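Chains, contacts and geometry: an overview
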Amino acid sequence: MNNHLSHKNIPDDMISDKDWKTTLALSFVFFGGHRFYVGKYVTGFIWTFCVGAFYIGWLQDIRKIINEEFTDSKGRYIVKNRPKKVDNETLRLLNKERS
């Protein structure tokens, strides 16, 4: 059974504004980089000084990032294709064009 989360099943307020590609890239640049990026500073320091929690935590994070299960410091999921956010002014203009 596949437990992969789909961002289509996640409410918009539970999707992070952090970029998925950046998070994944930083995880390979240096140990803990991806955790600093998403605001998890304490574990970022631990990952940096303990080589990604002795590689085990780093590998677990890579798996979570790829499967879109990794969260930022506020518990919001970092997904590949974030829904586009439209501001009120854009909505007003779109509705005006339709009328």
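Right above here is the structure, for reference.
Here goes a summary of the coordinates provided. (Residues numbered from 1 in each chain as written. Predicted model: local features only at pLDDT ≥ 70, side-chain atom pairs only at ≥ 80, totals over all residues. Heavy atoms only, no water.)

1. Side note on the overall build of the protein chain
Helix and strand content of the protein chain: 6 helices and 0 strands. Overall, the protein chain shows an N-to-C arrangement of helices and strands of α-α-α-α-α-α. Across the 99 residues that make up the protein chain, the buried fraction comes to 28%. Counting contacts in the protein chain only where the partners sit at least 6 residues apart, residues at least 24 apart contribute 58% of the total. (Helix = DSSP H or I, 4+ residues; strand = E, 2+ residues; numbered from the N terminus. Buried < 20%, exposed > 50% of the residue type's maximum accessible area, 1.4 Å probe, protein only. Contact = heavy atoms within 4.5 Å.)

2. Brief notes about the side chain of D72
Turning to its location among the elements, D72 is positioned in the loop between α5 (56–66) and α6 (88–98). Looking at D72, the relative accessible area reads 3%, which means it is buried. A distance of 2.9 Å separates a polar atom in the side chain of D72 from the backbone nitrogen of K74. (Polar contact = N/O pair within 3.5 Å; in protein donor to acceptor, adjacent residues only side chain to side chain.)

3. Re the nonpolar core
Of all hydrophobic cores here, the largest spans 6 residues; its members are W20, L24, V38, I65, F70 and I78. Not counting residues up to four positions away in its chain, the partners in contact with F70 are T23, H34, R35, V38, K40, D61, K64, I65, R76, Y77 and I78. (Core = buried A, V, L, I, M, F, W, Y, C linked by side-chain atoms within 4.5 Å.)

4. So, unusual backbone geometry
Even without being glycine, Y55 reaches a positive phi, approximately 70°. In this structure, Y55 sits in the loop between α4 (51–54) and α5.

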